[in-house]
Amino acid sequence: MPTTIPTTPQNPTRSLWLGNIDPAIAPSDLLTLFSPFGAIESLRVLPDKECAFVNFIRVEDATRAREEMQGSRIGIMNIRIGYGKVEAISDSAGMQPTKSLWIGNIPPTTDPAELEALFSQYGSIESARVLTHKNCGFVNFDKLEDAIEARKAMNGKEISGSIVKIGFAKVPAKESLPPISTGGGNNNSAGPLSGQPISATVSSLLMSRERSMSTGSVVLHSPSREDGFQLPQVQVAAGTAAGLELAKGGSIAAAAQAAAAAAVAAQGNGVESLDDFAQMLLEENYAIALPPLPEPKPNRRLDQSRLRELRKKLEGHVTSKEVDAAFQEVLEETVDLSTDYIGNVVLQRIVEKGTDTQRLRIIEKLAPHLAAIGVHKNGTWVVQKVIDIAKTAPQIAHIISALKPFTPVLLLDQFGNYVVQCCLKMGSHRNQFIFDAMSSKCVEIGTGRFGARAMRTCLESSFVTKRQQKLVSIAIVQNAVTLCTNANGSLLVTWLLESSGLPGRYRVLAPKLSPHVVALCSHKLASATILKLVNQRHELDARDLMIQSIFYHDDHALADILSDQSHGITLVQKILACGSISPDERSALIERVRTVLTSAAMSAVVAENAMGYKRLVEEMNAYEANVSPVSANGYMGAYGYPNGAASAAALQQSLWFAQNAGAGNEYLQAAVAQQQLGYTGQY
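Parameters and conventions
- Residues numbered from 1 in each chain as written.
- Predicted model: local features only at pLDDT ≥ 70, side-chain atom pairs only at ≥ 80, totals over all residues.
- Heavy atoms only, no water.
- Helix = DSSP H or I, 4+ residues; strand = E, 2+ residues; numbered from the N terminus.
- Buried < 20%, exposed > 50% of the residue type's maximum accessible area, 1.4 Å probe, protein only.
- Contact = heavy atoms within 4.5 Å.
- Core = buried A, V, L, I, M, F, W, Y, C linked by side-chain atoms within 4.5 Å.
- Axes fitted to C-alpha atoms, helices over the stretch in contact; angles between N-to-C directions.
- Parallel < 35°, antiparallel > 145°, perpendicular 65-115°, else oblique.
- Left-handed = near helix turned anticlockwise from the far one by under 90°.
- Nonpolar A, V, L, I, M, F, W, Y, C, P; charged D, E, K, R; others polar.
- Pairing = 2+ DSSP bridges.
- Arc of directions from axis to C-beta.
- Polar contact = N/O pair within 3.5 Å; in protein donor to acceptor, adjacent residues only side chain to side chain.
- Phe/Tyr/Trp six-rings, centres within 6.5 Å; stacked < 30°, edge-to-face > 60°.
- Lys NZ or Arg CZ within 6 Å of the ring centre and 35° of its normal.
- Salt bridge = Lys/Arg side-chain N within 4 Å of Asp/Glu carboxyl O.

K.L.:
Would you mind showing me how to read the overall build of the protein here?
P.N.:
The helix and strand tally for the protein stands at 34 helices and 16 strands. Sorting the 683 residues of the protein into buried and exposed places 49% on the buried side. Within the protein, residue pairs in contact and separated by at least 24 positions form 69% of the contacts whose partners lie at least 6 positions apart.

In structure tokens:
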């Protein structure tokens, strides 16, 4: 629904109202876009009203952001900005990112100093307090981005034996905060890199922004040498080692191990895992939003009637002289015509039938606006045609230079992602910028509806190299927890496991997921990924790690999984039916499940929800009796054959017996072959 400008007087306040917001824009996108203007206290997005509020700490920062961002294009919309009431985003209802975190389910013995120590690694902290009677606490950061990073990293983690839940909280008034000593200074005096660990330093470095006044776009940048900062040696060592391993044709696991080893050698004993430098490959400069297209000229020489004449002429047989005449006529209005319903067709025909020199002139005219034209419903066809036809080195160089900074934004767009895909056919020495962007911005692109599908298409393209696949695969593994719990991101994890064929993919993914196994097993999408890791025979150590984490890590983990009747129980049933599980292993797992179900903690839950556990118990009894559950009509022995179609569990177990029961079991093997051929009658 259309938004209306607030009726509050337009006297400067530290709160900005943003209207005409693209509903697909996430709070993190707005944070990235507005944080260059000053410290942000909180922000809130209202997708149903197509508006948002950004609350700065200083009025001056809000004023400058309003002046410079007014009318800018974010996503597919040109935003409007006005001043709002600070109270509009101080409300706790519908709380979205703030610099204050609520930490729930903490042990009652936790004190504020412990909370401060745990969270100070993510940034400078204003205060920390604990409400022991409510088993919760609050941590207030100096910077909003630090709070977002801390919540992302710590939510669902274990603190003193308890799995904590973390959310954003209302920012308290500064005068009510008890003073604490953090050694970090305040936002204005402390440098952006002072007092932070290497992981936070790199994150801060890559999150810095600068405003491009010439194009009106906001871009990420890494500080230049003029800033007096050089990238930490540990980051350089990790990225170099990983790159060398990939160049030699090494596996993903080998590249990750090489990066970890190099970083440990560079820094010493302070590095525990690859997570300390997840951004091990250097990021390029990428735009956060597309600059707006220039306003159409009011006195355009070519009207619709003339454009129709040109289109009709160019779609027939024309001489080079006629093409040149048309080229000269449209050249000065190329940008305007590219988004015109008829004009874009005229340009496509000139690109097809013109000379290389004429194509280069058109590309030079379009280049400053090529990305913005590429997301337009009419302009995208011109851009795709230009990319398809471009053959000479200058033409291709102009195209890549124009598109490269906007690659992530284009991949997330319904039209722009096709523009990027057109560049694949340029060859691996020229299309590398696509895979660099997918690696650097894996989560942002991979969790988008169009971005995830575009990434998968690129990775499955005939133009992709193994090294490019491995580069993106490392980023997928590093962000596996986020991706496998997202409807779009799970497509990339599925590609990695099922389609990539890369050696070591299971082995490197399992350790990333095992610490979060309880939450993942209870998740609709992530539980399918866990099952894929268990139900495979390529890398048995990865399978064993997941089984260990699910069934043997501790009683609480398995109990929590079994307590989830939506997905947890189903996953356990499927694991017990996996073809990769031998009968001896299955018996041990069944005994383990039975022990947990009959424990004091679970017996009451099972008694209250008997129907929810009925099928699991029946299947365990059936397996122990050496029979396979086949259908709702009953069970048959492992050497009997089903009436009707066999279930997936029965077929998988039959396949295992057929492969391991020996040469004398021709009867069973014949039945399995019939099941594979679709035979549904009784043998």
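K.L.:
How should I be thinking about the nonpolar core in this particular structure?
P.N.:
Grouped burial of nonpolar side chains is what soluble globular proteins tend to show. By size, the foremost hydrophobic cluster in this structure holds 112 residues, and its most contacted members are Phe435 and Ile476. In contact with Ile476, other than residues within four places in its own chain, are Cys442, Leu459, Leu483, Leu492, Val493, Trp495 and Leu496. Of all hydrophobic cores here, the second largest spans 24 residues; its members include Leu30, Phe37, Ala52 and Ile81.

K.L.:
When you look at the packing of helix H23 (residues 489–499) against helix H24 (residues 505–513) in this model, what are you seeing that I'm missing?
P.N.:
Geometrically, a packed helix pair is captured by the angle between its two axes and the distance between the axes. As a packed pair, H23 and H24 sit with axes 9 Å apart at the nearest point and diverge in direction by 140 degrees. Taken together, the axis directions place H23 and H24 in an arrangement best described as oblique. At the point where H23 passes H24, the crossing takes the left-handed sense. Seen from H23, the contacting residues are Val493, Leu496 and Leu497; seen from H24, they are Arg505, Tyr506 and Leu509. For the contact of H23 with H24, the residue count by class is five nonpolar, no polar and one charged.

K.L.:
Any chance you could explain the sheet that holds strand E1 (residues 15–19) here in plain terms?
P.N.:
Paired through backbone hydrogen bonds, the strands of a sheet run either parallel or antiparallel to each other. Read across the open sheet, the four strands follow the order E2-E3-E1-E6; overall the sheet is antiparallel. Every other strand in the sheet has two partners, leaving strand E2 (40–46) and strand E6 (80–83) as the edge strands with one partner each. Strand-to-strand twist of the sheet, defined as the mean angle between neighbouring strand axes without regard to direction, takes the value 20 degrees.

K.L.:
What's the story with the sheet that holds strand E9 (residues 136–141) in this structure? I'm lost.
P.N.:
Spatially, E8-E9-E7-E12 is the arrangement adopted by the four strands of the open sheet, whose pairing is antiparallel. Edge strands, defined here as strands with exactly one partner in the open sheet, are strand E8 (125–131) and strand E12 (165–168). The average angle at which neighbouring strand axes cross in this sheet is 20 degrees, direction not considered. Where strand E7 (residues 100–104) meets E9, five bridges bridge the pair, whose relative direction is antiparallel. Pairing of Ile103 across the sheet is with Gly137, part of E9. Strands in contact with helix H3 (residues 112–119) are E7, E8, E9 and E12; relative to E8, the strand with the most contacts, it is inclined by about 135 degrees. The sheet contacts of helix H4 (residues 144–154) involve E7, E9 and E12, and relative to E12 the element is tilted by about 155 degrees.

K.L.:
Hey, could you run me through the packing of helix H27 (residues 540–552) against helix H30 (residues 583–597) in this one?
P.N.:
At a minimum axis separation of 11 Å, H27 and H30 run at an interaxial angle of 25 degrees. One element, H27, and the other, H30, form an angle in the roughly parallel class. For the pair H27 and H30, contact is made by Arg543, Asp544, Ile547, Phe551 and Tyr552 and by Glu585, Ala588, Leu589, Arg592 and Val593, respectively. For the contact of H27 with H30, the per-class residue count stands at six nonpolar, no polar and four charged.

K.L.:
Honestly, H3 in this entry has me stumped. Any pointers?
P.N.:
Because each turn of an α-helix spans 3.6 residues, side chains separated by three or four positions end up pointing in the same direction. All of the buried residues in H3 are Leu115, Glu116 and Phe119. Each buried residue of H3 sits inside an arc of 100 degrees when the element is viewed along its axis, so together they form one side. Seen from the buried face of H3, the exposed residues on the opposite side, beyond 90 degrees, are Ala113 and Ala117. Buried positions along H3 lie against E7, E8, E9, H4 and E12. Of the residues flanking the start of H3, the one acting as N-cap is Asp111, its side-chain oxygen 3.1 Å from the backbone nitrogen of Ala113.

K.L.:
Could you clarify how one ought to interpret the packing of aromatic side chains in this entry?
P.N.:
The relation between two aromatic rings is expressed through the spacing of the ring centres and the mutual angle of the planes. Tallied over the full model, the rule gives one aromatic pair. Aromatic side chains Phe34 and Phe37 sit 6.4 Å apart centroid to centroid with 55 degrees between the ring planes, which places their arrangement in the tilted category. Since its relative accessible area comes to 0%, Phe34 is described here as buried. Here Arg129 stacks its cationic end above the ring of Phe138, 4.6 Å away from the centre of that ring. Over the ring of Tyr623 we find Arg586, and its NZ or CZ is 5.3 Å from the ring centre.

K.L.:
I would appreciate a short explanation of the pattern of salt bridges in the present structure.
P.N.:
Pairs can form between side chains of opposite charge once their charged atoms are near each other. Throughout the structure, instances matching the rule amount to 16 salt bridges. One salt bridge in this structure joins Glu126 and Lys99, with 3.1 Å as the shortest N-O distance. Pair noted here: Glu126 is in strand E8 and Lys99 is in the loop between E6 and E7, with a separation of 27 residues, a long-range link. Each member of the pair, Glu126 as well as Lys99, carries the same accessibility label: buried. In this structure, the salt-bridge partner of Asp544 is Arg543, at a minimum N-O distance of 2.8 Å. Where salt bridges share partners, they join Arg306, Glu309 and Glu329 into one cluster.

K.L.:
Got a minute to help me understand the pairing of E1 in this structure?
P.N.:
Strand residues, when the strand is regular, have side chains that alternate between the two faces of the sheet. Counting buried residues along E1, five of its five residues qualify, which places the element largely inside the surrounding structure. Taken together, the five bridges between E1 and strand E3 (residues 51–56) define a ladder with antiparallel strand orientation. Residue pairing across strands places Gly19 opposite Cys51, the latter belonging to E3. Of the strand pairs in this sheet, E1 and E6 are connected by four bridges, and their pairing is antiparallel. Of the residues in E6, the one forming a bridge with Leu16 is Tyr83.

K.L.:
Looking at this structure, I do not really get the environment of Lys152. What am I missing?
P.N.:
Looking at the element boundaries, Lys152 is found in helix H4. Measuring from C-alpha to C-alpha, the distance between Lys152 and Thr482 comes to 9.4 Å, with 330 residues separating the pair along the chain.

K.L.:
Where do I start with the side chain of Ser514 in this structure?
P.N.:
Locating Ser514 in the fold gives a position in the loop between H24 and helix H25 (517–521). A polar contact is formed between the side chain of Ser514 and the backbone oxygen of Pro511, at a distance of 3.4 Å. Those residues in contact with Ser514 that sit more than four places away from it in its chain are Leu545, Met546 and Ser549.

K.L.:
Explanation requested: the pairing of E2 in the structure shown.
P.N.:
The buried count for E2 comes to seven of seven residues, which makes it a mostly enclosed element. In textbook terms, the turn of a hairpin is the stretch between consecutive antiparallel strands, and for E2 and E3 this stretch comprises four residues, one of which, Glu50, has a positive phi near 55 degrees.

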